[in-house]
Amino acid sequence: MGRARYCPGHENEWDFKSASDVISEYRVPNPLPGVLGTPGGISNCHNKYESDASCTRRDLYFGDPAPLQMDLFKNLYFGAPEYEYTMKYLNTVSARRFNDSLMTNPYYTIAPLSGVVRIAEFFFMNRMMSNHSAARPEGWFDGVSLKSFFGVTGPDNYLTYRVGYERIPDNWYKRPTPYDFDSVVPDLAAFSAQHPEAVKFGGNIGEPNSFVGIDLKDLTGGALKTEDLLKGDNLLCLLYRLSTDVVGDMIEGAEFFKGLTGMSGNSSTPRGCPQFNKMDLTPFSQFPGFNASRPAIDPK
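Summarised in this report is the structure supplied together with it. (Residues numbered from 1 in each chain as written. Predicted model: local features only at pLDDT ≥ 70, side-chain atom pairs only at ≥ 80, totals over all residues. Heavy atoms only, no water.)

Residues L72, F73, L76 and Y77 constitute the buried set of helix α2 (residues 70-79). Seen end-on, α2 carries its buried residues on one side only, within an arc spanning 125°. Against the buried residues of α2 lie α3 (87-104), α4 (112-129), α5 (143-149) and β4 (152-153). (Buried < 20%, exposed > 50% of the residue type's maximum accessible area, 1.4 Å probe, protein only. Helix = DSSP H or I, 4+ residues; strand = E, 2+ residues; numbered from the N terminus. Arc of directions from axis to C-beta. Contact = heavy atoms within 4.5 Å.)

Shown next as structure tokens:
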């Protein structure tokens, strides 16, 4: 793996140096000549793999989205009954943050993958950060765990964020089963049923609350429609298609790697899913925020 530097488009992004450059710089023989080229990595990652409307970070339009914003954390932390962060509660916070960005950020854009990841970000907290015990195998996510994972310390009247102090809590036990595609699909479906108003693709066109929607049929050649996303296995099919597109975007020589894993071409589509090529994102060119990445856009 090449050296990485922080990608300022979001708090969890890295821009990976070309594998070929690293091999050349350190005079390491290239083990796969013609295969290791310049990977796309997750450079220029805003609206590609991640999105605005984060649970604790501000939108890129308003400045550096890396640091935790204490006002957003406090809204999340204090809003939960009994300091327990259930899926229903986190879904409500997610929908509220969606609306906040829609109403205030003129560049807010919801692309297919980043839009799905944005929704999943909220319930990942419950599904992956919850503590577990023999008495409560289903897990619980409380204020102690939330503060520890987010690097926040102190009593409720003096909460403090310390950069780099995010940590796994003491006496914390992970979930007994993996959290995979089969797990995330019903959670996405539950969110969509609870907050259908927050399940959209499209974006604002330069003014707050100027949202223009894009239907999935315009991105998939008619193979999938937004209104049918929760029918049958359509949501699973969309996630699988998006995941294979990510592989192709991040790795130069991806066809080689896809071939090794049996994911090249239409064979990447599970049985029963509609066949379509890589998602066409051309309709998103109308949104000024779609290609926005650092340096941040200065609000007018």
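Glancing now at the nonpolar core. Grouped together as the largest cluster of nonpolar side chains are 34 residues, with contacts concentrated most on F123, V184, L188, L216, L238 and F284. When residues of this core are traced back to their parent elements, those giving at least two are α3, α4, α6 (181-194) and α7 (234-250). With five residues, the single largest contributor to this core is α4. (Core = buried A, V, L, I, M, F, W, Y, C linked by side-chain atoms within 4.5 Å.)

What follows is about empty space enclosed by the protein. Counted under the stated rule, the structure contains three cavities of 30 Å³ or more. If you add up the space inside the largest cavity, you get close to 140 Å³. What lines the largest cavity is a set of 17 residues, among which V116, I119, V199, F201 and L229 lie closest to the centre. The leading source of residues in the lining of the largest cavity is α4, at four residues. Tallied by class, the residues present in the lining of the largest cavity amount to 13 nonpolar, two polar and two charged. (1 Å grid on protein atoms, 1.4 Å probe; cavity = no way out; pocket = protein on both sides within 12 Å on 5 of 7 lines; lining within 4 Å. Points joined across faces, edges and corners; volume = space filled by probe spheres on them. Nonpolar A, V, L, I, M, F, W, Y, C, P; charged D, E, K, R; others polar.)

This next bit is on α4. Compared with the 26 Å implied by 1.5 Å per residue over 18 residues, the 25 Å span of α4 between its first and last C-alpha is a close match. The sharpest bend along α4 comes to roughly 45°, located at F123. Where α4 is concerned, the buried positions are P112, L113, S114, G115, V116, R118, I119, A120, F122, F123, M125 and N126. (Expected span 1.5 Å × (residues − 1). Bend = angle between axes of the 7 residues up to and from the residue.)

Before going further, it helps to spend a moment on the environment of P288. Note that P288 resides in the segment after α8 (254-261). Sequence spacing of P288 and E207 is 81 residues, and the spatial spacing of their C-alpha atoms is 10.0 Å.

So, on to the side chain of Q69. Position of Q69 among the secondary structure elements: in the loop between α1 (19-25) and α2. From its side chain, Q69 meets the backbone oxygen of P67 in a polar contact 3.2 Å long. The contacts of Q69, once residues within four sequence positions are left out, are T56, R57 and R58. (Polar contact = N/O pair within 3.5 Å; in protein donor to acceptor, adjacent residues only side chain to side chain.)

Glancing now at the sheet that holds strand β7 (residues 212-213). Pairing within the open sheet is antiparallel, and its three strands lie in the order β3-β6-β7. Pairing within the sheet leaves two strands with one partner each, and these edge strands are β3 (109-110) and β7. As defined by bridge partners, β3 adjoins strand β6 (residues 202-203) across two bridges and the pair is classed as antiparallel. What sits directly across from T109, in β6, is G203. (Pairing = 2+ DSSP bridges.)

Here we take up the packing of α4 against α6. With their axes 10 Å apart at the nearest point, α4 and α6 run at an angle of 110° to one another. Of the possible angle classes, the one that applies to α4 and α6 is roughly perpendicular. Contact residues: α4 offers V116, R118, I119, F123, F124 and R127, while α6 offers V184, D187, L188 and F191. Of the residues assigned to the contact of α4 with α6, the class counts are seven nonpolar, no polar and three charged. (Axes fitted to C-alpha atoms, helices over the stretch in contact; angles between N-to-C directions. Parallel < 35°, antiparallel > 145°, perpendicular 65-115°, else oblique.)

Here we come to unusual backbone geometry. Not every positive phi belongs to a glycine, and Y83 is a case in point at roughly 55°. For Y83, the location among the structural elements is in the loop between α2 and α3. In this structure Y83 comes out as partly exposed when scored by relative accessible area, which is 33%. Despite not being glycine, N209 shows a phi value in the positive range, around 55°. If you trace the backbone, N209 turns up in the loop between β6 and β7.

It is worth spelling out the pattern of salt bridges at this point. Summed over the entire model, instances satisfying the criterion amount to seven salt bridges. Salt-bridge contacts for D59 lead to R97; the nearest nitrogen and oxygen are separated by 4.0 Å. Residue D59 is found in the loop between α1 and α2, and its partner R97 is found in helix α3; the two are separated by 38 residues along the sequence. Taken as a pair, D59 and R97 share a single burial class, namely buried. Measuring nitrogen to oxygen at the nearest pair gives 3.5 Å for the salt bridge that ties D100 to R97. Taken together, the residues D100 and R97, both in helix α3 and three residues apart, mark about one turn of the helix. A relative accessible area of 29% means that D100 is categorised as partly exposed. Taking the relative accessible area as the measure of exposure, R97 reaches 9% and is therefore buried. Taken together, the shared-partner salt bridges connect D59, R97 and D100 into one network. (Salt bridge = Lys/Arg side-chain N within 4 Å of Asp/Glu carboxyl O.)

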